[in-house]
Amino acid sequence: LSRVECPDCGAEVPIPEDVLAGEIVTCPDCGADYEVAVGEDGVSLKPAETSGEDWGE
Ligand SMILES: [Zn+2]
């Protein structure tokens, strides 16, 4: 388990070790959703594209 700082509130967001790029994680503190990006420097977060209700069902 690794932790990445939430870009929004600065809380630590737990990231599973086997996380895959593109997975969505939710900040436990502010509830924001982020998409996981995996790069050479490790895991980072970018805002999830959740505009509208285009996903789900
Ligand atoms: Zn947060």
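Structural data are supplied above this passage.
Since the structure is predicted, the reported quantities are computational estimates derived from the model, not experimental observations.

Caption draft 1: Region of interest: the environment of Ala-37. Mapped onto the elements of the fold, Ala-37 is located in strand β4 (residues 33-39). Residue Ala-37 is classed as partly exposed on the basis of its relative accessible area, which comes to 23%. As for Ala-37 and Val-19, which are separated by 18 residues in sequence, their C-alpha atoms are 9.4 Å apart. Once residues lying within four places of it in the same chain are set aside, the contact partners of Ala-37 are Gly-42, Val-43 and Ser-44.

Caption draft 2: Layout of the coordination of the zinc ion. Those donors, Cys-6 (SG), Cys-9 (SG), Cys-27 (SG) and Cys-30 (SG), are the protein atoms that reach the zinc ion, and they lie 2.2 to 2.4 Å from it. One can describe the donor arrangement at the zinc ion as tetrahedral, given that its four donor atoms subtend angles of 104 to 114° at the metal. All donors to the zinc ion come from one chain, and their sequence spacing reads C-x2-C-x17-C-x2-C. With Cys-9 in the loop between β1 (2-5) and β2 (12-15) and Cys-27 in the loop between β3 (24-26) and β4, this pair connects stretches of sequence that are 18 residues apart. On the basis of relative accessibility, which here comes to 37%, the residue Cys-9 falls in the partly exposed class. With relative accessibility at 2%, the residue Cys-27 sits in the buried group.

Caption draft 3: Here's a closer look at the pattern of salt bridges. Considering all chains together, one arrives at two salt bridges under this definition. Ionic pairing is found between Arg-3 and Glu-12, a salt bridge with its closest N-O pair at 3.8 Å. Its salt-bridge partner being Glu-35, residue Lys-46 comes within 3.8 Å of it at the nearest N-O pair. Separated by 11 residues along the polypeptide, Lys-46 in strand β5 (residues 42-47) and Glu-35 in strand β4 bring together distant segments of the chain. Classification of Lys-46 as partly exposed rests on a relative accessible area of 40%.

Caption draft 4: Up close: the nonpolar core. Membership of the largest hydrophobic core is limited to 11 residues, which are Val-4, Cys-6, Ala-11, Val-13, Ile-15, Val-19, Val-25, Cys-27, Tyr-34, Val-36 and Leu-45. Mapped by element, the contributors of at least two residues to this core are β2 and β4. Contact partners of Ala-11, with chain neighbours within four places excluded, come to Val-4, Glu-5, Cys-6, Cys-27 and Asp-29.

Conventions used here
Residues numbered from 1 in each chain as written. Predicted model: local features only at pLDDT ≥ 70, side-chain atom pairs only at ≥ 80, totals over all residues. Heavy atoms only, no water. Helix = DSSP H or I, 4+ residues; strand = E, 2+ residues; numbered from the N terminus. Buried < 20%, exposed > 50% of the residue type's maximum accessible area, 1.4 Å probe, protein only. Contact = heavy atoms within 4.5 Å. Donors = N, O, S within 2.8 Å, 3.2 Å for Na, K, Ca; no water. Tetrahedral: all angles 85-135°; square planar, octahedral: opposite > 155°, others 65-115°. Salt bridge = Lys/Arg side-chain N within 4 Å of Asp/Glu carboxyl O. Core = buried A, V, L, I, M, F, W, Y, C linked by side-chain atoms within 4.5 Å.

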